[in-house]
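Take a look at the letters that make up each chain.
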Amino acid sequence: MFITFEGPEGSGKTTQIRLLAEWLGKQGWGVVTTREPGGTRIGNGIRSLLLDVDHTEMTPRTETLLFNAARAQIVHEVIRPALQAGQIVLCDRFADSTLAYQGYGYGQDRAELGRLIRYATGGLTPDLTLYLDVHPEVGLVRKQSGAGQEWNRLDARTVAFHRAVQTGYAELIAAEPERWRVVESDLPEQAVHQAIVAVVAARLPVEAKERR
Ligand code: TYD
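Parameters and conventions
- Residues numbered from 1 in each chain as written.
- Predicted model: local features only at pLDDT ≥ 70, side-chain atom pairs only at ≥ 80, totals over all residues.
- Heavy atoms only, no water.
- Salt bridge = Lys/Arg side-chain N within 4 Å of Asp/Glu carboxyl O.
- Helix = DSSP H or I, 4+ residues; strand = E, 2+ residues; numbered from the N terminus.
- Buried < 20%, exposed > 50% of the residue type's maximum accessible area, 1.4 Å probe, protein only.
- Near = heavy atom within 4 Å.
- Polar contact = N/O pair within 3.5 Å; in protein donor to acceptor, adjacent residues only side chain to side chain.
- Areas by Shrake-Rupley, 256 points an atom, 1.4 Å probe, with all protein chains shown as cover.
- Axes fitted to C-alpha atoms, helices over the stretch in contact; angles between N-to-C directions.
- Left-handed = near helix turned anticlockwise from the far one by under 90°.
- Contact = heavy atoms within 4.5 Å.
- Nonpolar A, V, L, I, M, F, W, Y, C, P; charged D, E, K, R; others polar.
- Pairing = 2+ DSSP bridges.

**Some points on the pattern of salt bridges**
Close approach of charged atoms lets side chains of opposite charge pair. Summed over the entire model, instances satisfying the criterion amount to 8 salt bridges. Across the pair Glu 63 and Arg 153 runs a salt bridge whose closest N-O atoms are separated by 3.2 Å. Taken together, the positions of Glu 63 in helix α3 (residues 60-84) and Arg 153 in the loop between α6 (136-145) and α7 (159-175) put the pair 90 residues apart, joining distant regions of the chain. The class for Arg 153 is buried, based on a relative accessible area of 13%. Salt-bridge contacts for Arg 157 lead to Glu 63; the nearest nitrogen and oxygen are separated by 3.5 Å.

Next comes the structure, spelled out in structure tokens:
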């Protein structure tokens, strides 16, 4: 089962993925957690290129291709093998981030992005996508004040950009309501965790667990 996490910066995805992985582990599931961009040696190299504050000349198209290059690698190296081994994969951001950020944020053609994403992923799509819903300004403030968080090139995008991203996510959710679940994330960590557990527990493939 392939579960992805989406949402604005500072929505607490990283913490919630860790808590869910711990919970799934206690239930006896094999879990692999990973993140985009990154998650592989090549992906981490691409991540550095993307986040480098000196790379002010990077065009949205280059950005899109780099995100998808990292994605092709992580799908091949980490996600598909884990799914084939019957593990649950939790991924911090996936293709929806490209549609929301590069598509709605930068106004790049979404049909073209869709084709590029299919090329990068070989058509792999999440079984479930959790949207951690937090007011974008609140998220940005959280991110800026986060302990040990480095300010990076992508964080320099404007509030208007982040509003467009949020609108984009709303449209993506409306287009595929079966795949998405929205989780209110302006709440305490444990309350958000319990909401996520309730959603995931209802979707776990029971037969697959019995077969393990
Ligand atoms: P990161 O530091 O991982 O932020 P977060 O904790 O919010 O996930 O940086 C990832 C940034 O890259 C984030 O601003 C979202 C952006 N992004 C895209 O613009 N397109 C993409 O395809 C992906 C995967 C991420």
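**Some remarks on the site of the ligand**
Around the ligand, the structure places 15 residues, and the nearest of them are Glu 9, Arg 93, Thr 98, Gln 102 and Arg 157. Within the side chain of Lys 13, a nitrogen or oxygen atom sits 2.9 Å from an oxygen atom of the ligand. The separation between an oxygen atom of the ligand and a polar side-chain atom of Arg 71 is 3.0 Å. Burial of the ligand by the surrounding chains reaches 93%, relative to a free accessible area of 550 Å². Within the residue set of the shell around the ligand, elements represented by two or more residues are α3 and α4 (95-105). If one sorts the elements of the shell around the ligand by residue count, α4 sits on top with 4 residues.

**Considering the side chain of Gln 16**
By the element assignment, Gln 16 lies in helix α1 (residues 13-26). Taking relative accessible area as the criterion, Gln 16 reaches 4% and is therefore assigned buried.

**Things to note about the packing of α3 against helix α5 (residues 110-121)**
Two elements in contact, α3 and α5, have axes separated by 8 Å at closest approach and are oriented at 35 degrees. Here α3 and α5 pass one another in a crossing that is right-handed. Residues Thr 64, Leu 65, Asn 68, Arg 71, Ala 72, Val 75 and Arg 80 of α3 form the contact with α5, whose participating residues are Leu 113, Leu 116, Ile 117, Ala 120 and Thr 121. Here the contact of α3 with α5 is built from residues that sort into 7 nonpolar, 3 polar and 2 charged.

**A look at the pairing of strand β4 (residues 128-133)**
The element β4 is extensively covered by neighbouring structure, given that 5 of its 6 residues are classed as buried. Sheet analysis places strand β1 (residues 2-6) next to β4, joined by 4 bridges and oriented parallel. In the strand pairing of β4, Ile 3 is matched with Leu 128. Pairing geometry for β4 and strand β5 (residues 180-184), over 5 bridges, is parallel. Within the sheet, the bridge partner assigned to Leu 130 lies in β5 and is Arg 181.

Any link to function would need more than the numbers given here.
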